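Below, each chain spelled out in residue letters.
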2 protein chains.
Amino acid sequence: MTKIIIDAMGGDFAPKQQVLGAVDALNKDKDLYLILVGDETQIKAELSACQYDKNRVEIVHTTETITMEEIPTKAVKTKKDSSLVVAFKLLKEGKADGLVSSGSTGAVLTAGVLILGRIKGVSRPALCPLIPNHRGTTTLICDCGANLECKTINMVHFALMASAYANAAYGIENPRVGLLNNGTEDHKGLLLQQETNAALKKIDCINYCGNVEGRDLMYGDIDVMVSDGFTGNIATKAVEGCGKAVSTIMKREYKRNLWTKICALFSGGIIKNIRKGLDYEAVGGATFLGLTKAVVKGHGNSKARGFAACIAQAANSVRGNLVDKIKTMIDSVDMDAITAALSAEKTE
Amino acid sequence: MTKIIIDAMGGDFAPKQQVLGAVDALNKDKDLYLILVGDETQIKAELSACQYDKNRVEIVHTTETITMEEIPTKAVKTKKDSSLVVAFKLLKEGKADGLVSSGSTGAVLTAGVLILGRIKGVSRPALCPLIPNHRGTTTLICDCGANLECKTINMVHFALMASAYANAAYGIENPRVGLLNNGTEDHKGLLLQQETNAALKKIDCINYCGNVEGRDLMYGDIDVMVSDGFTGNIATKAVEGCGKAVSTIMKREYKRNLWTKICALFSGGIIKNIRKGLDYEAVGGATFLGLTKAVVKGHGNSKARGFAACIAQAANSVRGNLVDKIKTMIDSVDMDAITAALSAEKTE
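Residues numbered from 1 in each chain as written. Chains lettered and ligands numbered in written order. Predicted model: local features only at pLDDT ≥ 70, side-chain atom pairs only at ≥ 80, totals over all residues. Heavy atoms only, no water.

Trainee: Give me the lowdown on the overall build of chain A, citing residues and values where you can.
Mentor: From N to C terminus, chain A includes 14 helices and 12 strands. For the C-alpha atoms alone, the extent of chain A along its principal axes is close to 70 × 60 × 35 Å. Across the 348 residues in chain A, those meeting the buried criterion constitute 58%. Restricting the contact set of chain A to residue pairs at least 6 apart, pairs at least 24 apart contribute 73%. Total accessible area on chain A is roughly 14,000 Å²; 52% of this is exposed by carbon and sulfur atoms. Here chain A carries 42 positive and 38 negative side-chain charges, and the mean point of each set is 6 Å from the other. (Helix = DSSP H or I, 4+ residues; strand = E, 2+ residues; numbered from the N terminus. Buried < 20%, exposed > 50% of the residue type's maximum accessible area, 1.4 Å probe, protein only. Contact = heavy atoms within 4.5 Å. Areas by Shrake-Rupley, 256 points an atom, 1.4 Å probe, with all protein chains shown as cover. Lys, Arg positive; Asp, Glu negative; His and termini not counted. Charge placed at Lys NZ, Arg CZ, Asp CG, Glu CD.)

Trainee: Can you tell me about the packing of aromatic side chains, naming the residues and giving the values?
Mentor: Residues and elements named next belong to chain A. Inspection of every chain in the model, using the stated rule, returns 2 aromatic pairs over all chains. Between Tyr-165 and Tyr-170, the aromatic rings sit 5.6 Å apart at their centres with planes inclined by 80°, giving edge-to-face as the arrangement. Positioned above the aromatic ring of Phe-13, the side-chain terminus of Lys-303 is 5.0 Å from the ring centre. (Phe/Tyr/Trp six-rings, centres within 6.5 Å; stacked < 30°, edge-to-face > 60°. Lys NZ or Arg CZ within 6 Å of the ring centre and 35° of its normal.)

Trainee: Please set out the nonpolar core residue by residue, giving values where relevant.
Mentor: Residues Leu-34, Val-100, Ile-206, Leu-289, Ile-311 and Ile-326 of chain A are the most contacted members of the largest nonpolar core, which totals 67 residues. Here the element with the most residues in this core is helix H6 (residues 152-170) of chain A; it accounts for 12 residues. One finds Ile-249 of chain A together with Ile-234, Ala-238 and Leu-278 of chain B within the second-largest nonpolar core, a separate group that totals 49 residues. (Core = buried A, V, L, I, M, F, W, Y, C linked by side-chain atoms within 4.5 Å.)

Trainee: An account of the pattern of salt bridges is needed here, citing residue identities and associated values.
Mentor: One pass over the structure, following the stated rule, counts 28 salt bridges over all chains. Among the salt bridges present, the one from Arg-256 of chain A reaches Glu-253 of chain A, with a minimum N-O distance of 2.7 Å. Taking relative accessible area as the criterion, Glu-253 of chain A reaches 5% and is therefore assigned buried. A salt bridge links Arg-176 of chain B to Asp-223 of chain B; its shortest N-O distance comes to 3.1 Å. Linking Arg-176 of chain B in strand E8 (residues 176-180) with Asp-223 of chain B in the loop between helix H8 (216-219) and strand E10 (224-226), this pair joins segments that are 47 residues apart in sequence. (Salt bridge = Lys/Arg side-chain N within 4 Å of Asp/Glu carboxyl O.)

Trainee: For the relation of the copies chain A and chain B, give the residues involved together with the corresponding values.
Mentor: Aligned on chain B, chain A shows an RMSD of 0.0 Å; the corresponding rotation is 180° and the shift along the axis is 0.0 Å. Considering both components of the superposition, the chain copies are consistent with a two-fold axis. Comparing interface residues between copies, 100% of those in chain A also lie at the interface in chain B; the contact surface is shared. (Least-squares fit on C-alpha atoms with pLDDT ≥ 70 in both.)

Trainee: Explain helix H11 (residues 268-277) of chain A residue by residue, including any values.
Mentor: Listed in full, the buried residues belonging to H11 of chain A are Ile-270, Ile-271 and Ile-274 of chain A. Projected down its long axis, H11 of chain A shows its buried positions confined to an angular sector of 100°, all on one face. More than 90 degrees from the buried face of H11 of chain A, the exposed residues found are Lys-272 and Lys-276 of chain A. Considering only its buried residues, H11 of chain A is in contact with helix H9 (229-254) and helix H10 (258-266) of chain A together with helix H9 (229-254) and helix H10 (258-266) of chain B. (Arc of directions from axis to C-beta.)

Trainee: Lay out the sheet that holds strand E7 (residues 138-142) of chain A in plain terms, naming residues and giving numbers.
Mentor: Residues and elements named next belong to chain A. Taken together, 5 strands build an open sheet; the order of strands is E6-E7-E10-E8-E9 and the sheet is mixed. Of all the strands in the sheet, just strand E6 (130-132) and strand E9 (207-212) have a single pairing partner and so form its edges. Each strand of the sheet is rotated relative to its neighbour by a mean of 30°, with strand direction disregarded. Of the strands in this sheet, strand E8 (176-180) and E9 touch helix H7 (residues 191-201), which is tilted by about 160° from E9. (Pairing = 2+ DSSP bridges. Axes fitted to C-alpha atoms, helices over the stretch in contact; angles between N-to-C directions.)

Trainee: Describe the interface of chain A and chain B, and please don't skip the residues or the numbers.
Mentor: It is common to report an interface's size as the accessible area lost on association of the parts. Facing the 49 residues of chain A at the interface are 49 residues of chain B. Summed over both partners, the interface of chain A with chain B buries about 4,400 Å², with 72% contributed by carbon and sulfur atoms. If you sort the residues of chain A by the area they bury against chain B, Arg-215, Phe-230 and Ile-270 of chain A come out on top, with a joint share of 14%. For the pair chain A and chain B, the interface holds 4 salt bridges. In this structure, Glu-240 of chain A engages Arg-215 of chain B in a salt bridge whose closest nitrogen and oxygen atoms are separated by 3.1 Å. (Buried area = accessible area lost by both parts, 1.4 Å probe.)

Trainee: With reference to specific residues and values, describe the side chain of Gln-193 of chain B.
Mentor: Considering the arrangement of structural elements, one finds Gln-193 of chain B in helix H7 (residues 191-201). Look at Gln-193 of chain B and you get buried, because its relative accessible area is 1%. Excluding residues within four positions of it along the chain, Gln-193 of chain B makes contact with Phe-230 of chain A together with Leu-179, Leu-180, Asn-181, Lys-188 and Asp-228 of chain B.

Trainee: Can you explain the sheet that holds strand E4 (residues 98-101) of chain A? Please cite residues and give values.
Mentor: Residues and elements named next belong to chain A. The strand order across the open sheet built from 7 strands is E3-E2-E1-E4-E12-E11-E5, with neighbouring strands paired in mixed fashion. Sheet topology places strand E3 (57-61) and strand E5 (126-128) at the edges, where each strand pairs with a single neighbour. The average undirected angle you get between the axes of adjacent strands in this sheet is 25°. As paired elements, strand E11 (residues 286-289) and strand E12 (residues 294-297) share 2 bridges and run antiparallel to each other. Across the sheet, residue Ala-286 finds its bridge partner in E12, namely Lys-297.

Trainee: Can you lay out the packing of H6 of chain A against helix H12 (residues 304-319) of chain A for me, pointing to particular residues and giving the numbers?
Mentor: All names here are of chain A. Running from amino to carboxyl end, H6 crosses H12 at an angle of 100°, the nearest separation of the two axes being 7 Å. By the angle between their axes, H6 is roughly perpendicular relative to H12. Here H6 contributes Tyr-165, Ala-168, Ala-169 and Tyr-170 to the contact with H12, which in turn contributes Gln-313, Asn-316 and Ser-317. Each residue belonging to the contact of H6 with H12 can be placed in one class, and the counts come to 4 nonpolar, 3 polar and no charged. (Parallel < 35°, antiparallel > 145°, perpendicular 65-115°, else oblique. Nonpolar A, V, L, I, M, F, W, Y, C, P; charged D, E, K, R; others polar.)

Trainee: Explain the side chain of Asn-211 of chain B residue by residue, including any values.
Mentor: Residue and element names in this part refer to chain B. With respect to the element layout, Asn-211 can be found in strand E9 (residues 207-212). Overall, Asn-211 belongs to the buried group, its relative accessible area being 6%. Within the local environment of Asn-211, its side chain forms a polar contact with the side chain of Asn-181, the two groups lying 3.2 Å apart. A polar contact of 2.9 Å, which involves the side chain of Asn-211, links it to the backbone oxygen of Glu-185. (Polar contact = N/O pair within 3.5 Å; in protein donor to acceptor, adjacent residues only side chain to side chain.)

Trainee: Describe a positive patch on the surface, naming the residues involved and giving the relevant values.
Mentor: Taken together, the side chains of Lys-251, Lys-255, Lys-261 and Arg-275 of chain A make up a positively charged region of the molecular surface. By the secondary structure assignment, Arg-275 of chain A is in helix H11. (Patch = residues over 30% accessible without salt bridge, like charges linked within 9 Å, V, L, I, M, F, W, Y side chains within 5 Å.)

Trainee: Give me the lowdown on the environment of Ser-317 of chain B, citing residues and values where you can.
Mentor: Residues and elements named next belong to chain B. Considering the arrangement of structural elements, one finds Ser-317 in helix H12 (residues 304-319). Judged by relative accessible area, Ser-317 falls into the buried class, the value being 1%. A sequence separation of 54 residues divides Ser-317 from Cys-263, and the C-alpha atoms of the two residues are 42 Å apart. Ser-317 has contacts with Tyr-165, Ala-169, Ala-294 and Leu-322, leaving out every residue within four places of it along the chain.

Trainee: An account of unusual backbone geometry is needed here, citing residue identities and associated values.
Mentor: Looking along the chain, the bond that leaves Ala-14 of chain B and enters Pro-15 of chain B is cis, with omega of 0°. In this chain, Cys-142 of chain B is followed by Asp-143 of chain B through a cis amide linkage whose omega measures 5°. Considering the arrangement of structural elements, one finds Asp-143 of chain B in the loop between strand E7 (138-142) and helix H6 (152-170). Phi at Asn-321 of chain A is positive, roughly 55°, even though this residue is not glycine. Among the secondary structure elements, Asn-321 of chain A is positioned in the loop between H12 and helix H13 (322-332).

The following block contains the structure:
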């Protein structure tokens, strides 16, 4: 049985959508056990209308909630009985193997590092969402905002962790890794990208394909894109905005007149499939890589379907031994040796 | 008569598409005069099949072409009889008011600065493309790759220049300016974004709306997005890739089976409009802001239609007094006073 802890109170539509998503996940996956953390009365009220296996759910009652507006570090330190803090404490105590929350990103990152803790050797945990691409699969991008300013060693760790994640959660053998840059040639980018590109070329345990560009996030042939958190955040939100713009443009065009409305009626299935192909919520949330357990951060505006996808994602990471795979990757790379080799090449 | 110089040899499909684009522009705009620079025999061969007003075209023969593979600074300095170098020299001599090239970006930037020169007071010229947005208009983003690493003063100049450009070429009164950042709050971003946000708030001659996010490039309510060149390049290419992915997904869905193919047949006009709404080529190229004349860099793979849009763009900039408007903007801002005010606030 794979045990996942649910922060039932985090998110714009919590606890309703979180509880409905949990039920959906339970019904789809007979080997899943969920611990719902939050206001017991509210959770029970939502559950009462649902059909599910009651033997695979338990509720842990909490009295507080961390809101989007609060300062993360302060909230995590003071709100001891918040659903998020209690959820992370239960995870730390070994009550489950993974956690899902749609709460404030800052609070999840803070609680993840302060309460749960990071894997030994990982310089910086990082957020890794999935972006739908033109092939009908997804591209992972790491980091997308947990670490705005990065050093080469952080970037190398992002590559190792996201590579391990693509394999553990999505079964991709030898995932193709690209470095987000302003061009494909080796001399491209700022010092950080130039150094990271040189370092990644020296690492055998990943399938590094070199520099890639912004367009490769949705229209490339890579599985994993490595980036500093600032640039990754911009790129991720840029394609999200593009997807929304497409949706608006489609709606406008199909509603233009009677004829286009009739076309829309007949093309319903096609339009639905196109939207599905661009739906970043359906693919799940961002996994917080580098912690000692699998932690998934869902979108703040997650509905049941998206939240259920996040739970499945966490379960897949647990079953694919995400944490062990990251450990193996990190341990296998001797960063000091790589740094020495690179500086020796420079002096030559 | 607005005179524009055309680098007829720059671009993947030059000179054919450049000449066809020039003819298209001439036929649409009776007040346009074009100087086509390049191989006379090839240009004449393309022109011979076209209908246009011969009194509004002249050809300047050159023997060399700068390719995409060449090192820009070296090529501009050594290929004295290349279409690009000759075009910029004619522009400098006052033979025309603007220039359009689809040649290598690096070569256009180099020739622009070395041969034509920048407006006095402009710290760094910058590339400013147009991105189609959900409103059916475009968002300008400046810089998108001419300056990878930037200081606050560069960013402030990007805001001033792009604001002047939105007004001069597109007639937007009081264009709304946003700073590309990883969140909207004032504390967001790296030191560069924090300082730029504080500085832009102190400038009266632009309509600064604060920090914006990646999604606002295509799904926001701003006219101008300010960014360092590295991040701007990533964001621009990210949405370009998203647009391409959408196109691929649409094709796949409409070709799925006989029924979807029939739907495609009937929805032809709608599909065309959706594509048009996302078509970054139709809106023109990137204007190189901060030079003493209007210079537009077209996409390397520009076809006639896109190249004609670039010519119209250059003509609009000339007629809207782009260069004078940038001069006025730059002169009106006392950067030293702003820097002093900001550091005084810090010490308080």
